[in-house]
Amino acid sequence: MRIAVAGGTGTVGTHVGEAAHARGHEVITLARAAGVDLRSVSGLTDRLAGVDVVIDVLSVPTISADESTQFFTTTSRALLDAGAAAGVRHHLVLSIVGIDRAPEAYYAGKFAQERLVEAGPTPWTILRATQFHEFAAQMYGRAKVGPFHLAPKMRTRPVAASEVAAHLIDLAATGASGRARELAGPREEDLPRMIRAYARARGSRAWIPSVALPGASGRAQRDGSLLPAGKPLLGRQTFDEWLGALSAENH
Ligand SMILES: NC(=O)c1ccc[n+]([C@@H]2O[C@H](COP(=O)([O-])OP(=O)(O)OC[C@H]3O[C@@H](n4cnc5c(N)ncnc54)[C@H](OP(=O)(O)O)[C@@H]3O)[C@@H](O)[C@H]2O)c1
């Protein structure tokens, strides 16, 4: 198949591209680093010529509901419109477990994106996954005040981004199937512990305080609303195994 990966340079997108190549698919990467800004792109229909599946793993680093909604609706509309014009048969988007229980802040944009895809012209699949193990690294890099790293309180059931990517390629091969079964990691973790363990593995001895993020999305993170409610598919690699493998790679 010819697969366009929107966000193919990102945390999960890099694994999606690798998994697709490994299974013999042709990959077209759509990202600013590949010369395509999907907020203001022209000629996207031509880029999607001959593409069978668009996999959308774009993201924007924001906690603003307006910014997130603007980003995800603009980019999804661009991909859906150009995809329909180019004859794309399957639009596959990665979303997040539990966002309908807290459609606030960043999750507001993801929720709007899901609704656009469901109402869109192209047969679709939406996979909701829990946070990646890599989310600890993303939070360590982003949740900062000056030189201080913060650890947002959150109950999560993290999954390896590589396993999410492999599953996305399975779903791409299956064809459009609407709401896919949710995907989660093998065990529940405490996000502050994950962030501190990641920091220690990088050699940091800094104090990293836990913080309760404000608003409904912060509350949902703390009270378990973003854990799977039903029976999800389960990834295999635990957070500690992921961190062990990462540390071994870096030595
Ligand atoms: N992180 C998690 O724990 C997690 C868990 C479950 C689901 N998800 C969902 O999975 C998706 C991917 O998350 P991620 O953490 O892998 O994201 P990420 O690492 O932040 O990567 C974002 C990707 O989007 C691209 N991008 C951003 N702005 C763009 C633009 N204007 N035009 C074109 N490309 C653009 C980036 O490339 P350039 O910077 O080169 O443009 C990058 O490839 C998101 O929708 C997220 O909600 C994430």
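The name an unreviewed UniProt entry gives the protein chain is SDR family oxidoreductase, with Microbacterium rhizomatis as the organism.

Student: Help me out: how do you make sense of the overall build of the protein chain in this one?
Tutor: In terms of regular secondary structure, the protein chain is built from 9 helices and 14 strands. For the protein chain, whose C-alpha radius of gyration is 18 Å, the value lies close to the compact-globule estimate of 18 Å for 251 residues. Referenced to the eigenvectors of the C-alpha coordinate spread, the extents of the protein chain come out at roughly 50 × 40 × 35 Å. The buried share of the protein chain, taken over its 251 residues, is 53%. A sequence separation of at least 24 residues applies to 81% of the contacts in the protein chain between residues at least 6 apart. Summing over all exposed atoms, the protein chain offers an accessible surface of approximately 11200 Å²; the carbon and sulfur share of this is 51%. Charge separation in the protein chain, taken as the distance between the mean sites of 28 positive and 24 negative side-chain charges, equals 5 Å.

Student: Is there a simple way to explain the packing of helix 1 (residues 11–22) against helix 6 (residues 161–174) in this structure?
Tutor: Angle between the axes and distance between the axes: these two values describe a pair of packed helices. Remark: helix 1 packs on helix 6, axes separated minimally by 8 Å, with the N-to-C direction vectors making an angle of 50°. Classified by the interaxial angle, the pair formed by helix 1 and helix 6 is oblique. Of the two possible hands of crossing, helix 1 and helix 6 adopt the one that is right-handed. Contacts between helix 1 and helix 6 involve T11, V12, H15, V16, A19 and A20 on the former and, on the latter, A161, S162, V164, A165, A166, L168 and I169.

Student: Teacher, can you tell me more about the site of the ligand here?
Tutor: By nearness alone, 30 residues border the ligand, and T9, T11, R32, Y106 and K110 come closest of all. Separating an oxygen atom of the ligand from a side-chain N or O atom of Q138 is a distance of 2.8 Å. In isolation the ligand offers 900 Å² of accessible surface; the protein chains occlude 90% of this area. Listed by contribution, the elements that provide at least two residues to the shell around the ligand are helix 1, helix 3 (65–86), strand 4 (90–96), helix 4 (105–119) and helix 5 (135–142).

Calculation criteria
- Residues numbered from 1 in each chain as written.
- Predicted model: local features only at pLDDT ≥ 70, side-chain atom pairs only at ≥ 80, totals over all residues.
- Heavy atoms only, no water.
- Helix = DSSP H or I, 4+ residues; strand = E, 2+ residues; numbered from the N terminus.
- Rg over C-alpha atoms; globule rule 2.2 N^0.38 Å.
- Buried < 20%, exposed > 50% of the residue type's maximum accessible area, 1.4 Å probe, protein only.
- Contact = heavy atoms within 4.5 Å.
- Areas by Shrake-Rupley, 256 points an atom, 1.4 Å probe, with all protein chains shown as cover.
- Lys, Arg positive; Asp, Glu negative; His and termini not counted.
- Charge placed at Lys NZ, Arg CZ, Asp CG, Glu CD.
- Axes fitted to C-alpha atoms, helices over the stretch in contact; angles between N-to-C directions.
- Parallel < 35°, antiparallel > 145°, perpendicular 65-115°, else oblique.
- Left-handed = near helix turned anticlockwise from the far one by under 90°.
- Near = heavy atom within 4 Å.
- Polar contact = N/O pair within 3.5 Å; in protein donor to acceptor, adjacent residues only side chain to side chain.

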